There are 2 protein chains.
Amino acid sequence: MDIFTAIRERRSCRSFLPDPVSEDVIGKILEAAVWAPSAANNQPWEFIVITDKSVKKDISSESEKCRKVLFEKSGWKWVDKYRINFLEEAPVIIAVIGDPRKTGADMFLEGGGLAYRDGCAAAIQNLLLAARALELGTLWFTLFDRKTIRRILNLDPAKEPLALICLGKAGAAPAATPRKSAAEKTVYLR
Amino acid sequence: MDIFTAIRERRSCRSFLPDPVSEDVIGKILEAAVWAPSAANNQPWEFIVITDKSVKKDISSESEKCRKVLFEKSGWKWVDKYRINFLEEAPVIIAVIGDPRKTGADMFLEGGGLAYRDGCAAAIQNLLLAARALELGTLWFTLFDRKTIRRILNLDPAKEPLALICLGKAGAAPAATPRKSAAEKTVYLR
């Protein structure tokens, strides 16, 4: 698939069919992810591919608790109405784990030490685009409590769970969210 | 260009030819950037496209100071040897500015408030891939002092300069940096 088509047709998918995704396909998607750039080529990413139903169920019920807390704190109506069934529905969840020790020289700069996170986000974007090219739907989900996800996934406490990517055949074709054009977001210093 | 080819053939380019890049092409690349996903579709990115030679010169000389400070603090040999002439050499620098107020519900979570940065990193990855497809070289540069870049670009103090992307025709074909395979970075919970 053409790169511009993949970029324009990637959607945040919140409804999945139960069809399994082969480990060959998952491997191809993750191989695209690891070709992202990272500060000093530190490759600060790791992936946990979750198809185990009980683990998905734990993640889903804990994220539902987190959603309720978020609604109490924010009062935002969309958080109240947000249904997160996709966490159980998606045949695959890929947890993206970042290692803050694998940041770059930015650790010596004011406000630095976060380049590892940028590298992981670039890897996630590659992952989403690769999945789109292979006609799979994805969701970049982040409304979870990090301590809880650390416990469920038995993570090294030094590492950060940065995202849960739901992956599978889309159950419905999600609409594009509107965008401000690049022109509205750009200033030229000529 | 095929998405997998763009992902695999993107390189960090540190040598540029002086040929200008048309604003049409820059617009096409930035249009790809704004189709990145962001938390709550907040579109936390802005772009400053710099072709003005005196601004590039300021950025370059200040980044050179920053590099020296980084070497003093880190003692890392590669920082000592790192030549940053590409900041003046590249016909275009695109400053990517993030707005921390445009983060998502993650602002209510422990360690949260950084989703705006993830969205900007995803937009940058789109930008790099789009540039590759249009046969342009890029470098995602972050070794700068944020206060100084804020001053040079006269930024709203509430906004964060996250990256300087050098853009132009590559002066030499950069080699691929090696990667650990996805398999080495992945665990399956089946």
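Above: the structure in question.
Because the structure is a prediction, the values reported are computed rather than measured. (Residues numbered from 1 in each chain as written. Chains lettered and ligands numbered in written order. Predicted model: local features only at pLDDT ≥ 70, side-chain atom pairs only at ≥ 80, totals over all residues. Heavy atoms only, no water.)

**Student:** So what's going on with the overall build of chain A? Which residues, and what values?
**Tutor:** Check the secondary structure of chain A and you find 7 helices and 5 strands. Secondary structure elements of chain A, listed N to C terminal, follow the sequence α-α-β-α-α-α-β-α-β-α-β-β. Over its C-alpha atoms chain A spans a radius of gyration of 17 Å, differing by no more than 12% from the 16 Å that the globule rule assigns to 190 residues. Projected onto its principal axes, the C-alpha coordinates of chain A cover approximately 50 × 40 × 40 Å. In chain A, which comprises 190 residues, the share counted as buried stands at 54%. The contacts of chain A with a sequence gap of at least 6 include a subset with a gap of at least 24, amounting to 78%. (Helix = DSSP H or I, 4+ residues; strand = E, 2+ residues; numbered from the N terminus. Rg over C-alpha atoms; globule rule 2.2 N^0.38 Å. Buried < 20%, exposed > 50% of the residue type's maximum accessible area, 1.4 Å probe, protein only. Contact = heavy atoms within 4.5 Å.)

**Student:** So, the sheet that holds strand 1 (residues 45–50) of chain A: which residues are in play, and what are the values?
**Tutor:** Paired through backbone hydrogen bonds, the strands of a sheet run either parallel or antiparallel to each other. Strand order across the open sheet formed by 5 strands is 3(A)-4(A)-2(A)-1(A)-5(B), with mixed pairing between neighbours. Among the strands making up the open sheet, the edge pair consists of strand 3 (137–141) of chain A together with strand 5 (186–189) of chain B. Neighbour to neighbour, the strand axes of the sheet diverge by 20° on average, direction disregarded. The pairing of strand 1 of chain A with strand 5 of chain B spans 4 bridges and is classified as parallel. Its bridge partner being in strand 5 of chain B, Val49 of chain A is matched across the sheet by Tyr188 of chain B. Running at roughly 5° to strand 4 (residues 160–168) of chain A, helix 6 (residues 115–133) of chain A makes contact with strand 1, strand 2 (92–98), strand 3 and strand 4 of chain A of the sheet. (Pairing = 2+ DSSP bridges. Axes fitted to C-alpha atoms, helices over the stretch in contact; angles between N-to-C directions.)

**Student:** Let's hear about the packing of helix 3 (residues 53–74) of chain B against helix 7 (residues 146–153) of chain B: which residues, and what values?
**Tutor:** Residue and element names in this part refer to chain B. It is the contact of helix 3 with helix 7, at a shortest axis distance of 11 Å, that shows an interaxial angle of 165°. It follows from the interaxial angle that helix 3 and helix 7 lie roughly antiparallel. In the crossing of helix 3 with helix 7, the sense of the turn from one axis to the other is right-handed. Residues Val55, Asp58, Ile59 and Glu62 of helix 3 touch helix 7, and the partners they reach there are Thr148, Ile149, Arg151, Ile152 and Leu153. When grouped by side-chain class, the residues that make up the contact of helix 3 with helix 7 number 5 nonpolar, 1 polar and 3 charged. (Parallel < 35°, antiparallel > 145°, perpendicular 65-115°, else oblique. Left-handed = near helix turned anticlockwise from the far one by under 90°. Nonpolar A, V, L, I, M, F, W, Y, C, P; charged D, E, K, R; others polar.)

**Student:** Go over the interface of chain A and chain B, please, and point to the residues and values.
**Tutor:** The interface of chain A with chain B comprises 79 residues on the first partner and 79 residues on the second. Across the chain A/chain B interface, buried area totals approximately 7300 Å², and carbon plus sulfur atoms make up 60% of it. On the surface where chain A and chain B come into contact, there are 6 salt bridges. The salt bridge involving Arg117 of chain B is made with Asp118 of chain A; its shortest N-O contact spans 2.9 Å. Applying the counting criterion to the chain A and chain B interface returns 46 residue pairs in polar contact (both at pLDDT 80 or more). (Buried area = accessible area lost by both parts, 1.4 Å probe. Salt bridge = Lys/Arg side-chain N within 4 Å of Asp/Glu carboxyl O. Polar contact = N/O pair within 3.5 Å; in protein donor to acceptor, adjacent residues only side chain to side chain.)

**Student:** Pulling in residues and values, what's your account of the relation of the copies chain A and chain B?
**Tutor:** Between chain A and chain B, which share one sequence, the superposing operator has a rotation angle of 180° and an axial displacement of 0.0 Å; the RMSD is 0.0 Å. Taken together, the rotation angle and the small translation identify this as a two-fold axis. When the interface residues of chain A are mapped onto chain B, 100% of them again fall at the interface, so both copies present the same face. (Least-squares fit on C-alpha atoms with pLDDT ≥ 70 in both.)

**Student:** I'd like to hear about the nonpolar core, residue by residue, with values.
**Tutor:** Ile94, Ile165 and Leu167 of chain A together with Ile3, Ile94, Ile165 and Leu167 of chain B are the most contacted members of the largest nonpolar core, which has 78 residues in total. Each residue touching Leu167 of chain B, except ones within four places of it in the same chain, is listed here: Phe16, Val21, Ile26, Ile29, Ala90, Pro91, Val92, Ile94, Ala131, Leu136, Gly137 and Thr138 of chain B. (Core = buried A, V, L, I, M, F, W, Y, C linked by side-chain atoms within 4.5 Å.)

**Student:** Let's hear about the pattern of salt bridges: which residues, and what values?
**Tutor:** Residues and elements named next belong to chain B. Tallying each qualifying case throughout the model produces 30 salt bridges over all chains. Lys169 serves as the salt-bridge partner of Asp19, at 3.5 Å between the closest nitrogen and oxygen. With a gap of 150 residues between them, Asp19 in the loop between helix 1 (3–9) and helix 2 (23–33) and Lys169 in the loop between strand 4 (160–168) and strand 5 connect regions that are remote in the sequence. Since its relative accessible area comes to 30%, Asp19 is described here as partly exposed. Linking Lys65 and Glu62 is a salt bridge whose minimum nitrogen-to-oxygen distance equals 3.2 Å. In this pair, Lys65 and Glu62 are both assigned in helix 3, 3 residues apart and thus about one turn of the helix distant. What makes Glu62 partly exposed here is its relative accessible area of 21%.

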